[in-house]
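Chain by chain, the residues run as shown.
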Amino acid sequence: AQSVTQLDSQVPVFEEAPVELRCNYSSSVSVYLFWYVQYPNQGLQLLLKYLSGSTLVKGINGFEAEFNKSQTSFHLRKPSVHISDTAEYFCAVSDRYSGGYQKVTFGTGTKLQVIP
Amino acid sequence: DTGVSQNPRHKITKRGQNVTFRCDPISEHNRLYWYRQTLGQGPEFLTYFQNEAQLEKSRLLSDRFSAERPKGSFSTLEIQRTEQGDSAMYLCASSSPGLAGGPGNEQFFGPGTRLTVL
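Residues numbered from 1 in each chain as written. Chains lettered and ligands numbered in written order. Predicted model: local features only at pLDDT ≥ 70, side-chain atom pairs only at ≥ 80, totals over all residues. Heavy atoms only, no water.

Engineer: Which parts of the structure should I look at to understand the overall build of chain B?
Structural biologist: Check the secondary structure of chain B and you find zero helices and 11 strands. At 14 Å, chain B has a C-alpha radius of gyration in line with the 13 Å of a compact globule built from 118 residues. Here the analysis covers contacts within chain B between residues at least 6 apart in sequence; of these, 54% occur between residues at least 24 apart. For chain B, the accessible surface area stands at approximately 5,900 Å², while carbon and sulfur atoms represent 46% of it. (Helix = DSSP H or I, 4+ residues; strand = E, 2+ residues; numbered from the N terminus. Rg over C-alpha atoms; globule rule 2.2 N^0.38 Å. Contact = heavy atoms within 4.5 Å. Areas by Shrake-Rupley, 256 points an atom, 1.4 Å probe, with all protein chains shown as cover.)

Laid out in structure tokens, this is it:
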């Protein structure tokens, strides 16, 4: 079984400042890793994913994340946030050997509040 | 591509009533997923369809829950004898198949159906 820990439930940050949202995972097998964003009253949108290869993954809206296998982490970063980045962010993990489909396990989410 | 749609967007019901939600996936997607999201939590996997076949059900899906995808297109999720603990956002997602043995393609999520059981 796999699990995801997002230690920060809320992260306030001033506009144009950098931000890092932390994510740690636990799994007995190799995994795929994802970050999703959820705006109020909307579904989830994929920001970026790590499947293999380069450990630095770039996604939409200027976000990037780095896979660190030794620390079992997949932290999300953005060098300069905008008001429009205010949303809830979910880290997620999928077992590589889940039978060819994504059974995704989500973290509890981090609410990013960008302060003007 | 109009995205994944879900109806209704909101449902308020009294305890003990039955409710049914509908999900229309992206038309060419053969994979469909249901998730439940409670306040302050991330989405939790409920069940998965490939075409019309329901291939996996979570232990979260009690006997009061049933999901169908009769023609491999839209799907319904029914909850019988609702309880207050069923209050949550029910999310549907769909994806197209990826390479064999691979992770599949990105799951596209609908806006969800928010259920409130009084």
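Engineer: What's the story with the confidence of the model for chain B in this structure? I'm lost.
Structural biologist: Regions with low pLDDT should not have their predicted coordinates read in detail. A residue-level look at chain B finds 92% of positions with pLDDT of 70 or above and a mean pLDDT of 90. Of all helices and strands in chain B, the one with the weakest mean pLDDT is strand β6 (residues 53-57) of chain B (89), whereas strand β3 (residues 19-24) of chain B scores best (98). (pLDDT = per-residue confidence, 0-100.)

Engineer: How should the state of the cysteines be read in this particular structure?
Structural biologist: The term disulfide refers to a covalent linkage connecting the sulfur atoms of a pair of cysteines. Evaluated as defined, the whole model comprises two disulfides over all chains. The disulfide that involves Cys23(A) links it to Cys91(A), with 1.9 Å between the sulfurs. Taking the torsion about the S-S bond as the criterion, the Cys23(A) to Cys91(A) disulfide, at about -65°, is left-handed. With Cys23(A) in the loop between β3 (19-21) and β4 (24-26) and Cys91(A) in strand β10 (residues 87-95), this pair connects stretches of sequence that are 68 residues apart. A residue is classified by how much of its surface remains accessible, and Cys23(A), at 0% relative accessible area, is buried. Between the sulfur atoms of Cys23(B) and its disulfide partner Cys92(B) the distance amounts to 1.9 Å. In this structure, the disulfide formed by Cys23(B) and Cys92(B) twists by about -65° around the S-S bond and is classed as left-handed. (Disulfide = S-S within 2.5 Å. Buried < 20%, exposed > 50% of the residue type's maximum accessible area, 1.4 Å probe, protein only.)

Engineer: Sorry, what's going on with the sheet that holds strand β1 (residues 5-7) of chain B here?
Structural biologist: Hydrogen bonding along the main chain pairs the strands of a sheet, whether they run parallel or antiparallel. All names here are of chain B. Taken in spatial order, the four strands line up as β1-β3-β8-β7 in an open sheet, and their pairing is antiparallel. Here the strands that pair on one side only, and so sit at the sheet edges, are β1 and β7 (65-68). Across the sheet, the axes of successive neighbouring strands diverge by a mean angle of 15°, strand direction being ignored. Pairing between β1 and β3: three bridges, direction antiparallel. Within the sheet, the bridge partner assigned to Gln-6 lies in β3 and is Cys-23. (Pairing = 2+ DSSP bridges. Axes fitted to C-alpha atoms, helices over the stretch in contact; angles between N-to-C directions.)

Engineer: Just checking my understanding: could you explain the packing of aromatic side chains for this structure?
Structural biologist: For any pair of aromatic rings, geometry is given as the distance between the ring centres together with the angle between the planes. Across all of its chains, the model carries 15 aromatic pairs over all chains by this definition. With 5.6 Å between their ring centres and 80° between their planes, Tyr36(A) and Phe109(B) make a pair best called edge-to-face. Here the residue Tyr36(A) occupies a position in strand β5 (residues 31-38), and Phe109(B) occupies one in strand β10 (residues 108-109), the pair thus bridging two chains. Assigned by exposure class, Tyr36(A) and Phe109(B) land together as buried. Between Phe63(A) and Tyr89(A) the ring centres are 5.4 Å apart and the planes differ by 45°, which places this aromatic pair in the tilted class. Placement of Phe63(A) in the loop between β7 (56-58) and β8 (64-68) and of Tyr89(A) in strand β10 is noted, with a sequence separation of 26 residues between them. In this pair, the class of Phe63(A) matches that of Tyr89(A), namely buried. (Phe/Tyr/Trp six-rings, centres within 6.5 Å; stacked < 30°, edge-to-face > 60°.)

Engineer: How should unusual backbone geometry be read in this particular structure?
Structural biologist: Glycine aside, negative phi is the norm for most residues, and most peptide bonds take the trans geometry. The linkage connecting Asn7(B) with the following residue, Pro8(B), adopts the cis geometry, with an omega of -10°. With respect to the helices and strands, Pro8(B) occurs in the loop between β1 and β2 (10-13). One non-glycine residue, Thr72(A), lies in the positive phi region at around 45°. Looking at the secondary structure, you find Thr72(A) in the loop between β8 and β9 (73-78). Look at Thr72(A) and you get partly exposed, because its relative accessible area is 30%.

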